[in-house]
Each structure stands twice: as structure tokens, then as C-alpha cells.
2 protein chains.
Amino acid sequence: MPDRLSWAEIRRLALRHKKALILANLVAVLATLCSVPIPLLLPLLVDEVLLHDGDAALKVMDNFLPADWETAAGYIGLMLLLTLLLRGSALIFNVLQARLFARLSKDIVYRIRMRLIERLKRISLGEYESLGGGTVTTHLVTDLDTLDKFVGETLSRFLVAILTLVGTSAILIWMHWQLALLILLFNPLVIYATVLLGKKVKHLKKLENDSTSRFTQALTETLEAIQEVRAGNRQGYFLGRLGGRAREVRDYAVASQWKSDASNRASGLLFQFGIDVFRAAAMLTVLFS
Amino acid sequence: MPDRLSWAEIRRLALRHKKALILANLVAVLATLCSVPIPLLLPLLVDEVLLHDGDAALKVMDNFLPADWETAAGYIGLMLLLTLLLRGSALIFNVLQARLFARLSKDIVYRIRMRLIERLKRISLGEYESLGGGTVTTHLVTDLDTLDKFVGETLSRFLVAILTLVGTSAILIWMHWQLALLILLFNPLVIYATVLLGKKVKHLKKLENDSTSRFTQALTETLEAIQEVRAGNRQGYFLGRLGGRAREVRDYAVASQWKSDASNRASGLLFQFGIDVFRAAAMLTVLFS
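Since the structure is predicted, the reported quantities are computational estimates derived from the model, not experimental observations. (Residues numbered from 1 in each chain as written. Chains lettered and ligands numbered in written order. Predicted model: local features only at pLDDT ≥ 70, side-chain atom pairs only at ≥ 80, totals over all residues. Heavy atoms only, no water.)

J.: Help me understand the overall build of chain A in this model?
T.: If you tally the helices and strands in chain A, you get ten helices and zero strands. Taken from N to C terminus, the helices and strands of chain A fall in the order α-α-α-α-α-α-α-α-α-α. By principal-axis analysis of the C-alpha atoms, chain A measures approximately 90 × 45 × 40 Å. Taking all 289 residues of chain A together, 42% fall into the buried category. When contacts within chain A are restricted to residue pairs at least 6 apart in sequence, long-range pairs at least 24 apart make up 78% of them. (Helix = DSSP H or I, 4+ residues; strand = E, 2+ residues; numbered from the N terminus. Buried < 20%, exposed > 50% of the residue type's maximum accessible area, 1.4 Å probe, protein only. Contact = heavy atoms within 4.5 Å.)

J.: Please explain the domain arrangement of chain A as it appears in this structure.
T.: A common measure of how large an interface is: the accessible area buried when the components associate. Residues and elements named next belong to chain A. By domain assignment, chain A separates into domain 1 (1-174) and domain 2 (176-289). Taking only C-alpha atoms, the centre of domain 1 and the centre of domain 2 are 23 Å apart. Domain 1 puts 15 residues into the contact, and the matching count from domain 2 is 14 residues. For the domain 1 and domain 2 pair, buried surface summed over both sides reaches about 1,100 Å², with 60% attributable to carbon and sulfur atoms. Broken down residue by residue, the surface that domain 1 buries against domain 2 is led by Thr138, Leu172 and Ile173, which jointly contribute 42%. (Domains from an automatic or database assignment. Buried area = accessible area lost by both parts, 1.4 Å probe.)

J.: Could you clarify how one ought to interpret the packing of aromatic side chains in this entry?
T.: To describe a pair of aromatic rings, you give the distance between the ring centres and the angle between the ring planes. This model, assessed by the stated rule, comprises four aromatic pairs over all chains. Look at Trp7(A) and Phe150(A): their rings are 5.5 Å apart centre to centre, the planes differ by 55 degrees, and that puts the pair in the tilted class. Here Trp7(A), found in helix H1 (residues 7-15), pairs with Phe150(A), found in helix H7 (residues 133-175); they are 143 residues apart in sequence, far enough to count as distant. Classification of Trp7(A) as exposed rests on a relative accessible area of 54%. Of the residues examined, Phe150(A) reaches a relative accessible area of 43% and is grouped as partly exposed. The residue whose ring lies beneath Arg113(B) is Phe215(A), and the NZ or CZ to ring-centre distance is 5.1 Å. (Phe/Tyr/Trp six-rings, centres within 6.5 Å; stacked < 30°, edge-to-face > 60°. Lys NZ or Arg CZ within 6 Å of the ring centre and 35° of its normal.)

J.: Would you explain the environment of Leu82(B) in this entry?
T.: Counting through the fold element by element, Leu82(B) comes out in helix H5 (residues 72-122). With 41 residues separating them in the primary sequence, Leu82(B) and Leu41(B) have C-alpha atoms 8.7 Å apart.

J.: Would you explain the relation of the copies chain A and chain B in this entry?
T.: Note: a rotation about an axis with an accompanying shift along it relates these two copies of the chain. The two copies are related by a screw motion: chain A maps onto chain B through a turn of 180 degrees and a shift of 0.0 Å along the axis, at an RMSD of 0.1 Å. Both copies of the chain, as the preceding transformation shows, are related through a two-fold rotation axis. When you check the interface residues of chain A against chain B, 100% turn up at the interface there too, and the contact is symmetric in its surfaces. (Least-squares fit on C-alpha atoms with pLDDT ≥ 70 in both.)

J.: Before we go on, may I ask you to explain the side chain of Asn209(B) in this structure?
T.: All names here are of chain B. As for its position among the elements, Asn209 is in helix H8 (residues 177-224). Judged by relative accessible area, which is 8%, Asn209 ranks as buried. Of note is the side chain of Asn209, whose polar atom sits 3.1 Å from the side chain of Asp143. Non-local contacts of Asn209, meaning those with residues more than four positions away in its chain, are made with Thr138, Thr142, Asp143 and Thr146. (Polar contact = N/O pair within 3.5 Å; in protein donor to acceptor, adjacent residues only side chain to side chain.)

J.: Quick question: what am I supposed to make of the interface of chain A and chain B here?
T.: With 78 residues of chain A in contact, the opposing surface of chain B contributes 78 residues. Here chain A and chain B share an interface that buries about 7,500 Å² over both sides, 76% of which is from carbon and sulfur atoms. Counting across the chain A and chain B interface gives four salt bridges. Seen at the junction of chain A and chain B, the total is ten residue pairs in polar contact (both at pLDDT 80 or more). Looking at the side of chain A that touches chain B, the element that brings in the most residues is helix H10 (residues 235-287) of chain A, giving 27 residues. For the side of chain A that touches chain B, a count of residues per class yields 46 nonpolar, 14 polar and 18 charged. (Salt bridge = Lys/Arg side-chain N within 4 Å of Asp/Glu carboxyl O. Nonpolar A, V, L, I, M, F, W, Y, C, P; charged D, E, K, R; others polar.)

J.: Would you explain helix H1 (residues 7-15) of chain B in this entry?
T.: For an α-helix, the turn length of 3.6 residues means that residues three or four places apart are oriented alike. Residue and element names in this part refer to chain B. What H1 keeps buried is the set Glu9, Ile10, Leu13 and Ala14. Projected down its long axis, H1 shows its buried positions confined to an angular sector of 140 degrees, all on one face. Residues of H1 that are buried make contact with helix H2 (18-35), H5 and helix H7 (133-175). (Arc of directions from axis to C-beta.)

J.: Looking at this structure, I do not really get the pattern of salt bridges. What am I missing?
T.: Two side chains of opposite charge can pair, provided their charged atoms sit close to one another. Residue and element names in this part refer to chain A. Inspection of every chain in the model, using the stated rule, returns 26 salt bridges over all chains. With its nearest N and O atoms 3.0 Å apart, the salt bridge here joins Glu221 to Arg241. Of this pair, Glu221 sits in helix H8 (residues 177-224) while Arg241 sits in helix H10, placing them 20 residues apart in sequence. The exposure class of Arg241 is partly exposed, given its relative accessible area of 22%.

J.: How should I be thinking about the packing of H10(A) against H5(B) in this particular structure?
T.: A pair of packed helices is characterised by two quantities: the angle between their axes and the separation of those axes. It is at 8 Å that the axes of H10(A) and H5(B) come closest, and there the two elements cross at 165 degrees. Here H5(B) runs roughly antiparallel to H10(A), going by the angle between their axes. Every pair of crossing elements has a handedness; the one defined by H10(A) and H5(B) is right-handed. Partitioned by chemical class, the residues of the contact of H10(A) with H5(B) number 29 nonpolar, seven polar and twelve charged. (Axes fitted to C-alpha atoms, helices over the stretch in contact; angles between N-to-C directions. Parallel < 35°, antiparallel > 145°, perpendicular 65-115°, else oblique. Left-handed = near helix turned anticlockwise from the far one by under 90°.)

J.: Help me understand the environment of Val190(A) in this model?
T.: Residues and elements named next belong to chain A. With respect to the helices, strands and loops of the structure, Val190 is situated in helix H8. Note on Val190: relative accessible area 6%, which makes it buried. Those residues in contact with Val190, other than ones at most four positions away along the chain, are Ser267, Leu270 and Phe271.

J.: Is there a simple way to think about the environment of Thr154(B) in this case?
T.: All names here are of chain B. On the secondary structure map, Thr154 appears in helix H7. Taking relative accessible area as the criterion, Thr154 reaches 34% and is therefore assigned partly exposed. Along the backbone, Thr154 and Ser105 are 49 residues apart, and their C-alpha atoms lie at a distance of 9.6 Å.

J.: Please clarify how the confidence of the model for chain A should be interpreted in this entry.
T.: The predicted structure's coordinates, where accompanied by low pLDDT, should not be read in detail. Confidence in the prediction for chain A averages 85 pLDDT; 99% of positions are at 70 or higher. Per-element confidence in chain A ranges from a low mean pLDDT of 76 for helix H6 (residues 125-131) of chain A to a high of 91 for helix H2 (residues 18-35) of chain A. (pLDDT = per-residue confidence, 0-100.)

J.: Could you clarify how one ought to interpret the packing of helix H5 (residues 72-122) of chain A against H7(A) in this entry?
T.: Residue and element names in this part refer to chain A. Two elements in contact, H5 and H7, have axes separated by 9 Å at closest approach and are oriented at 150 degrees. In terms of axis orientation, H5 runs roughly antiparallel to H7. Read as a crossing pair, H5 and H7 show a hand that is right-handed. For the pair formed by H5 and H7, the contact residues are Gln97, Phe101, Leu104, Ser105, Lys106, Ile108, Val109, Ile112, Arg113, Leu116, Ile117 and Leu120 on the first element and Val136, His139, Leu140, Val141, Leu144, Asp145, Leu147, Asp148, Val151, Gly152, Leu155 and Ser156 on the second. Among the residues making up the contact of H5 with H7, the classes are represented as 15 nonpolar, five polar and four charged.

Structure (C-alpha cells):
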């Protein structure tokens, strides 16, 4: 067994659930497909029923409605029913997806935790003494929670994000391929900026977890020796040290939280602004064509 | 000092930062005000520049543009600049907001943690022995993390959510007051359903944290006694017990995650469907008026 936990190892653990992974991604795609058309349905009726602009949707609905229901109220009612059905199916698929992905990511974390526990068998006592029980506890609880969140989000968003990207690109190219190329070439720039920003903040979560680890370590030591601490009336010293560690946890957690948020928002802004430029350029091409 | 941590106590801790709380909420409102008009700006130009439908925005822009820039390209360029400015300000306000709220919520959690540490002074040794060091550690680390997430989200969303609700209600009533009343009366029903669903899942996070607590406790005991465990060759028993606890953590975490997600989505569905019914009813009133 290798001694370091690598991404390849995590991928290997994920691929052990190949069937569940495929099923979960399939369900995620179905959920997305159900939710994409929902906001378009009622506005379509506004065009066709209220403004009498086109009748494609009405013709489709005529196949399902009895002749004397083919009125505005009938169309609106049927569309409402369809919206409810789609929303319901999206809900069911989303819940199923959440359940499948939760099982997957928690199982991966469980297996990593078991691996770490197995290593307790082989770790030398000297190494353990120098680490301290609190640090080991943090690795097995706090650090794995961080990993858990990351694995869960990555697994569940990967395929849907790629398909959305492909779908949006296809529609853009179909609308106006020159502009589409411009925006698609702009994207690698956004990704590059995101990676740069990510590098700036990625150590912050580690600093936060490390401070939690030092706090847990101080706490464990205090608790282990609580009888002696009480007897020797050294509570002031030990509790003061705990307070200092708790303050460290707070400060690192604040920095990690707002700086990661800022970096996410900054790369989102770049991406959004690329879309704005695309829309403005599209308007200009309409004007000058 | 009261012995139980109540919501009143948490509110009292939050109100100790009254100035920061007011400032943070003000910044949050500014951030929302900056982001609301952004998606409306370019479509407005589509109406006025491409379709020649109205010229209110163009007249406003004429005040800022030199005479020979008052062309379609000039308008589009200015609007693009305005969009970028608004996005930039929204980003700055959002980051500032995230920073202020992160500081607030982490400080509240820090103060609660300090209170719990203070209590270690007064806890009887018998009580401590029966709880176990791992359980105390979990209260001070995992449980407070859960509280942290909740406090952070509640603090930062409360005012903006209320203002959004008031604003949306005002616009609805202005559009069609009879229908608006219908949807506003429907809302308490959604809230009631959300509360019911919330009650069903709220104990799941507690079960998850309790299982983490049992795992930490087993881990701490194993680590404390690792020399004896090694010497007595009882590693199998102790590591097996740890594995069992880790499996429990996994199972409770899976249940807590997907069921909370399902309950959130279900109440979102109800709310969304209320809006769908409102829009369908609005179309019918347009037809029959």
C-alpha cells in the first residue's frame, strides 16, 4: 500500500463504484433535462395564446386535448399540468441523484478513514508521540470532512457541467459562429485566471484545518490531564492556552472563508463579463448586417 | 451564567456586534441593489436600439455621451461599461459583506467555544469521566462547526431575504392586487409545509454529529491506550470497533445529507409551483379582461 493518499487513489476508490457512478450521473443528466425547459413553457404560451405569434406548441397540445377543451383556458391548464409534472420529475431525479452521490462520496471517505485507521497499526510509537492524539483525531475527522465536501461536489457536478458547456457552445455556434468562437477562445483565459486565484487561496483551508488541529491537540492534552490540572490549580494556564488556540481557529477560519468566496466571485465576474461582451457584440452584428 | 445555550443567548452574542451587524447588512443590501438591474440592461437596449420600441434609456444616456457618440455603437458601449461597473461594485460589496459576516459568525462561535472551555473549570470530574474526552472534543469542534454554518447563513441572508420578499410583494400587488393577495396567502402554507418537513429532518444532523462523537471517542480511547493495545496485541478488537464507528458515521452522514436536500427541494418545489399558478392565472385574467 502506498504511503501517500493521491488523487489517483481517490479516483481508484470512486471507480470501484462504477455502476453507481454511471447511474448517478445518468440521473443527474435526466434531472437537468427536466428542469431546463420549465422556465420556457409558460412564456411560450404568452407568445402563442396572448400575442397570437406562432402556434407550434398549440398544435402539439391539440393532440392531447379533447376538441371542446381547445381553448385558451385549456391550453394554459395543460401547460400548467406539464410544468408541474416536469418540476415533480426534476425533484425526484434530483433527490435520487443526491442520495446516490451522498452514498458514493461518504463511502469513499469511509474507505480513506479505514485506511488511516489501518495505518495506526503500523505507525511507530515515537512518530505517534511526536504527532499527538489531537492531531491524529483532526486528520481523521476535520481533514476528511473537507475532503468529503470536495469529493461530493466534484463527483456530482462534473458530467452535468461538461454537458452544459457542450450544449451552450453548440447553441452559441449555431446562433453566430464567429462570435461563438470569440467567447469560446475567451474561456481558457477565464479558466487560467480561476486557477491563478485558486492557487492564492488553496492553502487557507489547510491553515484553518491546521489551527483546528492545534486546538484539538491542546484540548485533548488538557482533558487527558484534567485531574492533575485541577489538583495543581493550573487551570489558568491550560485554559488560557486553549483560548489562544480557539482565537487562532477563528482568525484562520475568517480568512479562509472570505478569501475563498472572493476568489470564486472574481472568476464568476470574469466569466459573466465575457457573456456581456458577447451579447453586446451580437447586438452590433445585428445592427450592421 | 445560564447552563444551557439558547437562541436568546446566540442573539445576544450577535447583538454585541451591533455596529458591524448593521454595516454588514447595509453592504449586503447595496450588493443586491447592484446586481438586480444587471440582467435588465442589455435587453432594454435590444428593445430601444434594435426594435426602436421606446427611448427612455437612450434619453438618459444622451446626458452622458458627446453628441457624435449618440449612435447605436455608442449606446451599446456605454451600457456595456455600465454593466461592468455594476458587476464590479456588486463584487466589491459582496466580498466586503462576506468578510464582515464571516468575522461576525466566527466570533460568535469563538465566544461560545470560550464559554464551553470556561465550563471545563466547573464540570465535575465524575461527569467528565462519564462523558469521555472524545465527546467533549466533538462538542467543541464538530457541533460548533454545524452551528457556525447555520449562524453564518442566517445572519447574512435574513435582511436581504426580507427586503426581497417585501419588494416582490409590492411589485406583485402593483401588477394585479387580487392575484397578488392569492399568492401572498398561499405563502404561509408553503412556510408551514417547510416547517413540517424541517422537523422531519432536523434530528438527522444531530444523529450524524452524535455518530462522529462516538467515533472520536473510540479513537481517543484507542490513541490514549495505544501502547497497551500494542503490547497486549489487542489491535484487532480496537481497530474493529473504530471501523464499526466509522461505518456508522458514513451511514448517518448519507441519511442526513440526502434527506435534508430532499426536504429543501420539496419546499422549493411548492414555492415555485405557487408562482407558476400565479403566472397562469395572470394570463387568464389578461385574456378575459
